[in-house]
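Remarks on the overall topology
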Amino acid sequence: MDSVFDELYKKYHQDVFQFLFYMVKNKELAEDLVQEVYIRVLKSYEKFEGKSSEKTWLFSIARNVAIDSFRKQKGWKQRIMEKFDWSTQEVKDVLPLPEEIAVQREEIQLIYRCLDLCTIDQRLVIIMRYIHELSINETADSLGWTESKVKTTQHRALKVLKKHMEDFKVKEGMDNEGIKVER
Amino acid sequence: MKESKWSDEQLQELLNQLPKIKDDRDPRDIYQAIEIKMGKQKNRTWILPSIAAAAALLLLFILVPNLMSWQESADKQVELKADRSTSSEQIASENNTILEAKEEDSELIAQDKGSEEQDQAQLFTEPEAEINDEISKKTVESESSPTAVYEEDLAGKEVLTYAIPDKAAQNIVPVSVLVDENPARTKFELFEDTMSRLTEDKWGLEDYYPLKANFTYDRGNKMLTVDVPADHPYSMSSTTEILLEKVLSNIMNNLDIEKINFMTEGEIGIEFSHYGYRKEFIPENSNGNLIYYFLYPNGADSTPFLVPLREELNSIKDALLAMKKNRTENNLQASIPEDIDFETEEIQDGKLLIRFNNESEIINDESTLHAIEAILLTAKDFDFDTVKLENADVDKIGKFDLTEELKVPIAANKRDLPN
């Protein structure tokens, strides 16, 4: 096996995979995408100058791969939407909760769902910052942003998350109340 | 109530508690998958260009011969039609001045344009050129020989006419051969003897003779007995049966036979697969007249066969008009050119007058000669003895002296036998 691959696999594979998974929320797709990351990495490994850390370099590639996949998916989804307009809602809901999430408590499942409601940029920051616990600096490096941009995006992302989670709670509460009134 | 339940810290904690997701594939599998993908991509990088190259080569192979033959025909065109090509060169040079390219380039373009124009000119004049070509070939080739048998051919000869199917079994071609008269042999015996000497293949017709049967001819009763072997080939299909019928009725017509008795190896009757059992054959009386068309089994440059089709027509005039039309269903060509117009008149019993219109081009070439033979043969079937052609552009076409009445032929399609 390729020594570069071996090394990268040992050091970062699960991180990259997890990152991709939380971005696309689909294990099989994440498995494909992580391979794509390796292909891009192996092709351009010589060009890696060590300006940034290997880790942030890998994350930046993973981020590009994820975004490319969204673009592809979007095209594909839009095409389907044109044909089966009614089914778009189902397509989203059909994605089942992965086993690992399904066994968690309700609040964690909720926040997992609410991740979808953030923009891609916001999601990138949330995942890097809070799931992978990258520093502001590392996140900025991976995304090619300034630190202040990371901070503001992170701030907004948390706000959006909070709002949606509350909305969900309120909705549930109202449903419960409605049932109570009927009785 | 509206107060948010979650602080940023709580959210961060929740996010932090999101479970770790692991890829539990074997790294070796992953590496293999990557290798395959990278290999594929590498492959693709040379597969596409090589496909393109192969396609280009293929195109080249297809185009180059075409271009060359184009060039050739263009050259021919220059020789054939000097005036035409000069005019096209003029057009070409006009194009030059418009284009005002570099000197060398413009020369190239001029050539290109020139040949293009020529090609176009050729496209438009191709049929004409072909005809011209044919004409020039034929007038050079021979002092145009007629295809039919005429009275003067008969000195000391017997004419035997065989009905031979063409290769497609579409037409029955009457082919006549001349054999030396032999007082010891009857005409039927000569017919039987000569059967095996026919070279149908060489003539471009179906190898049909000798017929696979024994013949006994009863001259007094005008009766012929046809005795076929048990494995005779004539009942293979309805086509072979119809062909046999046509051939036999032709033979009967030529040899003055009224009835044929069928036998199979000495037993009376032949079992046909489609007609069933038949003891005898008497051709039905056919109405209508035979009008003659051209058949070119060996290509358009060869001498045509004049093939009769039976049509019910009111007059010789209608017959001659019908002969201007191609009979594609039978693969037969018009025997009178479309652009020849004429009037017909029966001057006396057995004498036909054909007067060509002024626009009609009647010149001394082989196709005109064959057209005249077709007219004569058709006239013969309408019981004319002579035909007078008037207002032709020449006095003589091949052996025909147009100043005199032309006698109708004895038989169509004279062919030589190998010695």
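Just so we're clear, the structure is a prediction, and the values are computed from it rather than from any experiment.

Points about the overall build of chain B
Check the secondary structure of chain B and you find nine helices and 17 strands. Burial statistics for chain B: of 419 residues in total, 39% are counted as buried. Contacts in chain B between residues at least 24 apart in sequence constitute 62% of all its contacts with a sequence separation of at least 6. A total accessible area of about 24400 Å² is found for chain B, and carbon and sulfur atoms account for 50% of it.

Notes on the UniProt feature "transmembrane region" (unreviewed entry) in chain B
According to UniProt, the positions carrying the feature "transmembrane region" (unreviewed entry) are residues 46–68 of chain B. Taken end to end, residues 46–68 of chain B is 100% helix and 0% strand, and its first and last C-alpha atoms sit 33 Å apart.

Looking at empty space enclosed by the protein
All names here are of chain B. Going through the model one piece at a time under the given rule, you end up with five cavities of 30 Å³ or more. Put simply, the largest cavity is a space of about 50 Å³. Here the element with the most residues in the lining of the largest cavity is helix H9 (residues 366–381); it accounts for four residues. Class assignment of the residues belonging to the lining of the largest cavity gives a composition of eight nonpolar, one polar and no charged.

Here we look at the interface of chain B and chain A
Note: interface size is frequently given as the accessible area lost on complex formation between the parts. Opposite the 28 residues of chain B that make contact, chain A presents 39 residues. Taken together, the two surfaces of chain B and chain A that pack against each other cover about 3500 Å², and 65% of this comes from carbon and sulfur. Summed over the three residues of chain B that lose the most area to chain A, namely Trp6(B), Leu15(B) and Ile21(B), the buried surface amounts to 21% of that side. Here chain B and chain A share one salt bridge between them. A salt bridge links Lys162(A) to Asp8(B); the nearest nitrogen and oxygen atoms lie 3.0 Å apart. The interface formed by chain B and chain A contains nine residue pairs in polar contact (both at pLDDT 80 or more). Only helix H1 (8–17) and helix H2 (27–80) of chain B provide two or more residues apiece to the side of chain B that touches chain A. For the side of chain B that touches chain A, the element with the highest residue contribution is H2(B), accounting for nine residues.

Describing the pairing of strand E5 (residues 259–264) of chain B
Residue and element names in this part refer to chain B. In terms of burial, E5 is largely enclosed, as five of its six residues are buried. Of the pairings in the sheet, the one linking strand E4 (residues 223–228) to E5 comprises six bridges and is parallel in character. For Leu-224, the partnering residue across the bridge sits in E5 and is Ile-260. A crossover links E4 with its parallel partner E5, the connecting element being helix H7 (residues 238–255), and its sense is right-handed. Pairing of E5 with strand E9 (residues 280–281) involves two bridges; the strand directions are antiparallel. Looking across to E9, one finds that Ile-260 is bridged to Phe-281. With two bridges connecting them, E5 and strand E6 (residues 267–268) associate as antiparallel partners. The residue of E6 that forms the bridge with Met-263 is Ile-268.

Quick word on the packing of helix H1 (residues 3–24) of chain A against helix H7 (residues 120–131) of chain A
Residue and element names in this part refer to chain A. Contact geometry for H1 and H7: axes closest at 10 Å, N-to-C directions at 145°. Here H1 and H7 pass one another in a crossing that is right-handed. Residues Gln-18, Phe-19, Tyr-22 and Met-23 of H1 form the contact with H7, whose participating residues are Ile-120, Arg-123, Leu-124, Ile-127, Met-128 and Ile-131. Within the contact of H1 with H7, the residues separate by chemical class into eight nonpolar, one polar and one charged.

Calculation criteria
Residues numbered from 1 in each chain as written. Chains lettered and ligands numbered in written order. Predicted model: local features only at pLDDT ≥ 70, side-chain atom pairs only at ≥ 80, totals over all residues. Heavy atoms only, no water. Helix = DSSP H or I, 4+ residues; strand = E, 2+ residues; numbered from the N terminus. Buried < 20%, exposed > 50% of the residue type's maximum accessible area, 1.4 Å probe, protein only. Contact = heavy atoms within 4.5 Å. Areas by Shrake-Rupley, 256 points an atom, 1.4 Å probe, with all protein chains shown as cover. UniProt positions renumbered as here; feature names shortened; annotations may be inferred. 1 Å grid on protein atoms, 1.4 Å probe; cavity = no way out; pocket = protein on both sides within 12 Å on 5 of 7 lines; lining within 4 Å. Points joined across faces, edges and corners; volume = space filled by probe spheres on them. Nonpolar A, V, L, I, M, F, W, Y, C, P; charged D, E, K, R; others polar. Buried area = accessible area lost by both parts, 1.4 Å probe. Salt bridge = Lys/Arg side-chain N within 4 Å of Asp/Glu carboxyl O. Polar contact = N/O pair within 3.5 Å; in protein donor to acceptor, adjacent residues only side chain to side chain. Pairing = 2+ DSSP bridges. Right-handed = clockwise from strand over helix to strand, strands pointing away. Axes fitted to C-alpha atoms, helices over the stretch in contact; angles between N-to-C directions. Left-handed = near helix turned anticlockwise from the far one by under 90°.

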